[in-house]
Amino acid sequence: METPSSAQTLPTSPGFLLAKHALLQYGLVLLLFSLFAATDSWQHLTGWPLATVLASIMGLLAGFSTTTVLHEWFHWFGARLSGGTYTIPPKPGLFVYDWDFDKSDVKQFFTMSIGGNIGGLLALVWLASSIETDTVARAALIAGSVASVAFAAVIEWPVLWRTRDSREPLAELSKIDAGVLKRAALISLGAGLLVWYLL
């Protein structure tokens, strides 16, 4: 019986799969930031209304996506730190891993969950301290980050609160329906627009 070679097992190894996720997600963030930088420079040089609109849209997208990606990767850091059980899906997407609820306890779930929220807040602090909000588009970048933090908080913190009593994280997560997502989207939109206006 032949033993699979390292070349055969590499595509299914956790490290390789994580690298695929990172390449896709951070590549997207880099692309959006590059487009934001280009449109922001265009707006700065010309002052054209179209440039301002495009730069603002790219700012919102770059801020939201950067914060969301770091949020998800800090979930993974939390999962590793907790010692919980998870697998890396072969197909890259938003979620870096699949959590095994049967083999992981509630304390590990809390560590994993809180890790993501810490990541989102760190992303917001990093962007807010690195970008001067001296233009509408740059303010939009921070607003997008705030919207991402708000969206995650509205969805995840009620789950954690209910899990404190039920001790059933999967059951509490299953309560996230279209109504919850719609409410989170509206609150996220409102928070982002408010910050954008204030900045």
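As shown above, the structure is provided for reference.
Here goes a summary of the coordinates provided. (Residues numbered from 1 in each chain as written. Predicted model: local features only at pLDDT ≥ 70, side-chain atom pairs only at ≥ 80, totals over all residues. Heavy atoms only, no water.)

This paragraph deals with the packing of helix α2 (residues 14-46) against helix α3 (residues 49-82). Direction vectors running N to C along α2 and α3 enclose 155°, while the axes themselves pass 8 Å from each other. Relative to α3, the element α2 lies roughly antiparallel. For α2 against α3, the interelement crossing comes out left-handed. (Axes fitted to C-alpha atoms, helices over the stretch in contact; angles between N-to-C directions. Helix = DSSP H or I, 4+ residues; strand = E, 2+ residues; numbered from the N terminus. Parallel < 35°, antiparallel > 145°, perpendicular 65-115°, else oblique. Left-handed = near helix turned anticlockwise from the far one by under 90°.)

The subject of this paragraph is helix α5 (residues 136-166). In this model α5 runs 45 Å from its N-terminal to its C-terminal C-alpha over 31 residues, within 8% of the 45 Å that 1.5 Å per residue would give. A153 marks where α5 bends most, by close to 30°. One or two steps after α5, the chain reaches R167, where phi turns positive at roughly 60°. (Expected span 1.5 Å × (residues − 1). Bend = angle between axes of the 7 residues up to and from the residue.)

On to the side chain of H21, then. Along the chain, the position of H21 falls in helix α2. For H21, a relative accessible area of 1% translates into the label buried. Every residue in contact with H21, bar those within four places of it in the chain, is listed here: W73, I88, P89, K91, P92, G93, F95 and V96. (Buried < 20%, exposed > 50% of the residue type's maximum accessible area, 1.4 Å probe, protein only. Contact = heavy atoms within 4.5 Å.)

Soluble globular proteins: nonpolar side chains tend toward being buried together. Ranked by internal contacts, the top residues of the largest apolar core, which has 17 residues, are W76, Y97 and F109. Residue assignment for this core shows that the elements contributing at least two residues are α2, α3, α4 (106-130) and α5. Discounting residues that sit within four places of it in the chain, F109 has contacts with W99, F101, V159, L160, T163, P169 and L173. Counting residues in hydrophobic clusters, the runner-up holds 13 residues, among them L124, L127, I142 and V146. (Core = buried A, V, L, I, M, F, W, Y, C linked by side-chain atoms within 4.5 Å.)

Once that is clear, we can look at the packing of aromatic side chains. Here the structure, examined in full by the defined rule, presents 10 aromatic pairs. For the pair W76 and F77, a centre-to-centre distance of 5.1 Å together with 50° between the ring planes defines the contact as tilted. Residue class for W76 comes out buried when judged on its relative accessible area of 9%. For F77, a relative accessible area of 42% puts it in the partly exposed group. On the basis of an interplanar angle of 70° and a centroid distance of 6.4 Å, the ring pair of Y97 and W99 is categorised as edge-to-face. The structure contains a cluster of three or more aromatic residues connected by ring pairs, namely Y26, W73, F74, W76 and F77. (Phe/Tyr/Trp six-rings, centres within 6.5 Å; stacked < 30°, edge-to-face > 60°.)

Tallied over the entire structure, the rule returns four salt bridges. Note that R138 is salt-bridged to D134, the shortest N-O span being 2.8 Å. Residue classification places D134 among the partly exposed positions, given a relative accessible area of 48%. Between R162 and E172 there is a salt bridge whose closest N-O contact spans 2.6 Å. Of this pair, R162 sits in helix α5 while E172 sits in helix α6 (residues 169-173), and the two are 10 residues apart along the sequence. Overall, the relative accessible area of 28% leaves R162 in the partly exposed class. A network of salt bridges, in which partner residues are shared, links D40, D134 and R138. (Salt bridge = Lys/Arg side-chain N within 4 Å of Asp/Glu carboxyl O.)

Attention shifts here to a nonpolar patch on the surface. A grouping of L50, V53, L54, I57 and L61 is seen on the molecular surface, where their side chains present a nonpolar patch of about 420 Å² in accessible area. Mapped onto the elements of the fold, I57 is located in helix α3. For I57, a relative accessible area of 39% gives the class partly exposed. (Patch = residues over 30% accessible without salt bridge, like charges linked within 9 Å, V, L, I, M, F, W, Y side chains within 5 Å. Areas by Shrake-Rupley, 256 points an atom, 1.4 Å probe, with all protein chains shown as cover.)

Here we take up the environment of D134. Secondary-structure assignment places D134 in the loop between α4 and α5. With 65 residues separating them along the chain, D134 and L199 place their C-alpha atoms 8.5 Å apart. Engagement of the side chain of D134 in a polar contact is seen with the side chain of R138, the distance being 2.8 Å. (Polar contact = N/O pair within 3.5 Å; in protein donor to acceptor, adjacent residues only side chain to side chain.)

Along the chain, Q25 turns up in helix α2. Within polar-contact distance, the side chain of Q25 engages the side chain of W73 at 2.7 Å. Sequence-distant contacts of Q25, that is, excluding residues within four places in its chain, are made with V69, W73, G93, L94, F95 and V96.

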